[in-house]
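Listed below are the residues making up each chain.
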Amino acid sequence: MSNPQLIMYDEEFKQINVALEKLLREANAKVIFLVDKNGQLITGCGETERFDTTSLASLTAGNIAATGGLAKLIGEKEFSILFHEGEKDNLHISIVAGRVILVVLFDTRSSLGLVRLRVKKASEELTAIFNRLLQKNEEKEKSGDSEFPFAEITDDDIDNLFS
Amino acid sequence: MSFINYASREINCKIVYYGPGLCGKTTNLQYVYQKTAADAKGKMISLATETERTLFFDFLPLALGEIRGFKTRFHLYTVPGQVFYDASRKLILKGVDGVVFVADSQEERMDANIESVENLRINLIEQGYDLDKIPYVVQYNKRDLPNVVSVEELRRELNPTNVPDFEACATTGEGVFETLKAIAKLILFDLKKGK
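Along each chain, numbering runs from 1 in the same order as the chain's sequence is written. Whichever chain is written first becomes A and whichever ligand is written first becomes 1, with later ones labelled in order. Per-residue local features are limited, in this predicted model, to residues with pLDDT of at least 70; the limit for side-chain atom pairs, both in listing and counting, is 80 or more; totals at the level of whole chains, interfaces and linings are taken over all residues. Only heavy atoms go into the side-chain values, all of them from the structure, while hydrogens and water stay out.

(A) Main features of the overall build of chain A. Runs of H or I in DSSP of at least four residues are treated as helices and runs of E of at least two as strands, each being numbered from the N terminus. Scanning chain A for helices and strands turns up 4 helices and 6 strands. Moving toward the C terminus, one meets the helices and strands of chain A in the order β-α-β-β-α-β-β-β-α-α. Along the first, second and third principal axes, the C-alpha atoms of chain A reach 50 × 40 × 30 Å. We call two residues in contact when some of their heavy atoms are within 4.5 Å. Within chain A, contacts between residues at least 6 apart in sequence are counted, and of these 53% link residues at least 24 apart.

Quick look at the structure:
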């Protein structure tokens, strides 16, 4: 089944960024970013300007989807951790809270063991934040709380995008 | 489904171009890429075989500008059209916000078109979507070729529910932006409803 729409608010966004910054320091990583399972970049920290994070996000989600497909073929629900080792840089990819993907890019200044350890700790923290966020999304939807920015959208607004 | 970020005031939507092999899905994206200002587009990624057939997907991120103070970003994907890549097609439909069906107007490709629409409907159901309910447009591509089926017939066979449809020639760009604009519009109106 499809996931419900993800809406991010200031409060949780800040908490997520704090958790990622902490992980970046503790794991000695170069870049960390979070992607939703549909390939959309949620946020990132570290040397993000050196990398094409949008493309990395989409390919990571594709990768997770493809390995998820592989997992099902051998009777597994999913593979929760993927690791790609390069000559200099490595990618550690893991699924957090069942729906977002945490990507850690690191080099020889760190190690797989350290990254795995720190990711595990950070994942618990991130899971708690995302669970709160999803609960908030659900509550807002139930209460019909409409601060939705597109409610008043007009034909002209949309046409202007293409002018 | 789309991702709305109130903190960075961004909205991200996913559009998938679907259709039979060699109908021109990748060409659509290539034309959009060529004609878009450098600051509005990201890098186009094509995962293709040696013969240039799409293996997994093509991807093009596009920033269309602001709407009500929110940056709108559309992520354009194609699926591999060849029949044996069905597993990849299913994966790419995950989280889709809108679909463009690219039909090949040539007479000998009619069966492939019909098969592909049916395959789209089935693969969407597997992901929890209904083709009759999501934003959806049809493009009749390759209108410049000599052996094409009439638009009336294409419409009858491929667009019985009368969604917005467009004649196109993706190699020259005719109809490419009209199609993209139509699907983007449907998605934004869908978002307006709060879904």
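From this point, the discussion proceeds with the structure in view.
(B) Up close: the UniProt feature "domain: Roadblock/LAMTOR2" (unreviewed entry) in chain A. The feature "domain: Roadblock/LAMTOR2" (unreviewed entry), as given by UniProt, occupies residues 16-106 of chain A in the numbering adopted here. Structurally, residues 16-106 of chain A comprises 35% helix and 34% strand, and the distance from its first C-alpha atom to its last is 20 Å. UniProt positions are given in the numbering used here, feature names are shortened, and annotations may be inferred rather than shown by experiment.

(C) Seen up close, the side chain of B:Arg89. Residue and element names in this part refer to chain B. Within the secondary structure layout, Arg89 lies in helix H2 (residues 86-92). Buried residues are those whose accessible area, probed at 1.4 Å on protein chains only, stays under 20% of the maximum for their type, while exposed residues exceed 50% and partly exposed ones sit between those limits. The buried category is assigned to Arg89, whose relative accessible area is 4%. When neighbours within four sequence positions are excluded, Arg89 is seen to be in contact with Tyr18, Val79, Pro80, Gly81, Gln82, Val83, Asn119 and Asn123.

(D) Representation of helix H5 (residues 176-192) of chain B in the model. Here H5(B) spans 25 Å end to end across 17 residues, near enough to the 24 Å set by a 1.5 Å rise per residue. Of all the positions in H5(B), only B:Val176, B:Thr179, B:Leu180, B:Ala182, B:Ile183, B:Ala184, B:Ile187, B:Leu188 and B:Leu191 are classed as buried. Expected helix span is taken as 1.5 Å per residue step, with the number of steps being one fewer than the number of residues.

(E) Focus on the interface of chain A and chain B. At the interface, 40 residues of chain A touch 44 residues of chain B. A 1.4 Å probe defines the accessible area here, and the buried area is the portion of it lost by two parts on being joined, summed over both. When chain A packs against chain B, the two sides together hide about 3900 Å² of surface, and 65% of this comes from carbon and sulfur. Area buried by chain A at its contact with chain B is led by A:Phe150, A:Leu161 and A:Phe162, which between them contribute 18% of it. Whenever Lys or Arg places a side-chain nitrogen within 4 Å of a carboxyl oxygen from Asp or Glu, that contact is recorded as a salt bridge. For A:Asp157, the salt bridge goes to B:Arg68, with nearest N and O atoms at 2.9 Å. Pairs of N or O atoms within 3.5 Å make up the polar contacts considered here, provided that, within protein, one atom can donate a hydrogen while the other can accept it, and that residues adjacent in sequence are counted only when both atoms are side-chain atoms. Summed over the shared surface of chain A and chain B, the number is 7 residue pairs in polar contact (both at pLDDT 80 or more). Secondary-structure elements contributing two or more residues to the side of chain A that touches chain B are strand S1 (6-8), helix H1 (10-26), strand S3 (41-46), helix H2 (53-73) and helix H4 (155-161) of chain A. With 7 residues, the top contributor of residues to the side of chain A that touches chain B is H2(A). Residues of the side of chain A that touches chain B, tallied by class, amount to 20 nonpolar, 11 polar and 9 charged. In the scheme used here, Gly and all other residues not listed as nonpolar or charged are polar, with Ala, Val, Leu, Ile, Met, Phe, Trp, Tyr, Cys and Pro taken as nonpolar and Asp, Glu, Lys and Arg as charged.

(F) Layout of a nonpolar patch on the surface. Residues and elements named next belong to chain A. Within this analysis, patches are made of residues with over 30% relative accessible area and no salt bridge. Like charges are joined at 9 Å or less; nonpolar side chains (Val, Leu, Ile, Met, Phe, Trp, Tyr) at 5 Å or less. Accessible surface area values rest on a Shrake-Rupley calculation with a 1.4 Å probe, where residue burial reflects the displayed protein chains alone. Among the surface-exposed residues, Leu70, Leu73, Ile74 and Phe79 lie close enough to one another that they form a single nonpolar patch of about 440 Å² accessible area. Checked against the element boundaries, Phe79 lands in the loop between H2 and strand S4 (81-85). For Phe79, a relative accessible area of 30% translates into the label partly exposed.

(G) Layout of the sheet that holds strand S5 (residues 90-96) of chain A. Residues and elements named next belong to chain A. Here, a strand pair is defined by DSSP locating no fewer than two bridges between the strands. Ordered in space as S3-S2-S6-S5-S4, the 5 strands form an open sheet in which the pairing is antiparallel. On the outer flanks of this sheet lie S3 and S4, each paired with one strand and no other. Within this sheet the neighbouring strands show an average axis-to-axis angle of 15°, counted without direction. With 6 bridges joining them, strand S2 (residues 31-36) and strand S6 (residues 100-106) adopt antiparallel strand pairing. Residue Leu34 lies in a different strand from S6, and its bridge partner there is Leu102. Axis lines are fitted to C-alpha atoms, over the contacting stretch for helices. Their N-to-C directions set the angle, which ranges from 0 to 180 degrees. Most of the contacts of H2 go to S2, to which it runs at about 60°, and overall it touches S2, S3, S4, S5 and S6.

(H) Representation of a negative patch on the surface in the model. Residues and elements named next belong to chain B. Charge counting follows a simple rule: Lys and Arg are positive, Asp and Glu are negative, and His as well as the terminal groups are ignored. To locate a charge, take atom NZ for lysine, CZ for arginine, CG for aspartate or CD for glutamate. On the surface, Glu107, Glu108, Glu153 and Glu157 cluster together into a negatively charged patch. Of note, Glu157 is situated in helix H4 (residues 151-158). Given the relative accessible area of 41%, Glu157 is considered partly exposed.

(I) View of the packing of H1(A) against helix H3 (residues 112-143) of chain A. All names here are of chain A. The interhelical angle for the contact between H1 and H3, taken along N-to-C directions, is 180°, at an axis separation of 10 Å. Classified by the angle between their axes, H1 and H3 sit roughly antiparallel to one another. Facing H1, whose interface residues are Glu11, Glu12, Gln15, Ile16, Ala19, Leu20, Lys22, Leu23 and Glu26, H3 presents Leu114, Arg118, Val119, Lys121, Ala122, Glu125, Leu126, Ile129, Phe130, Arg132, Leu133 and Lys136. Across the contact of H1 with H3, the residue classes tally to 11 nonpolar, 1 polar and 9 charged. Every angle not falling under 35 degrees, over 145, or within 65 to 115 is termed oblique; those three ranges are roughly parallel, roughly antiparallel and roughly perpendicular.

(J) Looking closely at unusual backbone geometry. Residue and element names in this part refer to chain B. One non-glycine residue, Lys142, lies in positive phi territory at about 65°. Within the secondary structure layout, Lys142 lies in the loop between strand S7 (136-141) and H4. Here Asn162, not a glycine, exhibits a phi torsion of approximately 60°, which is positive. Counting through the fold element by element, Asn162 comes out in the loop between H4 and strand S8 (165-167).

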